[in-house]
Amino acid sequence: MRDEVDELVSSWHQERPDLDVSPLQVLSRVSRLSRHLDRARRAAFAEHGLEPWEFDVLTALRRSGEPYELSPGALLRATLVTSGTMTNRIDRLAAARLVRRRPDPEDRRGVLVSLTDLGRERVDAAFADLLRRERELLAGLPEHDQRTLADLLRTLLAPFDAGHNGG
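The rules behind these values
Here the residue numbering is sequential within each chain, running from 1 through the sequence in written order. Whole-chain, interface and lining totals are the exception, using all residues; otherwise, since this is a predicted model, local features are given only for residues with pLDDT of at least 70 and side-chain atom pairs are given and counted only at 80 or more. Each side-chain value is worked out from all heavy atoms of the structure, with water and hydrogens disregarded. The numbering of helices and of strands both runs from the N terminus, where a helix is a DSSP run of H or I of at least 4 residues and a strand a run of E of at least 2. With a 1.4 Å probe rolled over the protein chains alone, any residue whose accessible area is under 20% of its type maximum counts as buried; one over 50% counts as exposed, and the rest are partly exposed. By definition in these notes, contact holds between two residues if any of their heavy atoms fall within 4.5 Å. UniProt positions are given in the numbering used here, feature names are shortened, and annotations may be inferred rather than shown by experiment. For patches, a residue must show more than 30% relative accessible area and have no salt bridge; joins then use 9 Å for like charges and 5 Å for nonpolar side chains, namely Val, Leu, Ile, Met, Phe, Trp and Tyr. Surface accessibility in these figures is a Shrake-Rupley result with a 1.4 Å probe; residues are shielded only by whichever protein chains are displayed. We count a salt bridge whenever a side-chain nitrogen from Lys or Arg sits within 4 Å of a carboxyl oxygen from Asp or Glu.

A.B. asks: Mind showing me how you'd approach the side chain of E69 here?
C.D. replies: Position of E69 relative to the elements: it lies in strand β1 (residues 69–70). In this structure E69 comes out as buried when scored by relative accessible area, which is 16%. Dropping the residues within four chain positions of it, E69 is found in contact with L61, S64, R102, L112, V113 and S114.

Rendered as structure tokens:
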């Protein structure tokens, strides 16, 4: 079976035989898969009235477990955005009644951001839809190969993730 990347690699090999174009075999396919994944994610979120950034914030709250609330600082760390951006996002989610703010009982100056019932329903439905779409993307690979691919990608990404997390 040949794909577009095989054609791309073959063309580059013809035009630049002096270069080792083998990284394209992996990374061009990862890039193309990333575009398909991005489309699937955006479709899953849009079907449930969410933007990708909204999904990120809501899933951070949902993953935190009962009572589904975090400080704005914890949300910053979970979503990797600036303080000003997070404030704006919380404001917009609160206006949509997907989250609410409440005073932090352990810090008089602090607040906690809580997932509302509507926010939980919306993020749960979007997440289930996302998983269905992601399973469809992986349907061409047997389960064993999916596990192998996950292990290989983990090995490839681990140094980048370690550098991002400060060590």
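A.B. asks: Explain the UniProt feature "domain: HTH marR-type" (unreviewed entry) in the protein to me, please; I cannot follow it from the model alone.
C.D. replies: What UniProt calls "domain: HTH marR-type" (unreviewed entry) maps, in this numbering, to residues 23–158. Along residues 23–158 one finds 71% helix and 12% strand; the C-alpha atoms at either end are 18 Å apart.

A.B. asks: Sorry if this is basic, but what is going on with a nonpolar patch on the surface here?
C.D. replies: A cluster of nonpolar residues, V26, L27, V30, L33, L137, L138, L141, L149, L153, L156, L157 and F160, forms a patch on the protein surface that exposes about 980 Å² of accessible area. Those elements that place two or more of their residues in the nonpolar patch are α2 (23–47), α6 (117–138) and α7 (143–164). Assignment of secondary structure puts L156 in helix α7. Exposure remark for L156: the relative accessible area of 44% places this residue in the partly exposed category.

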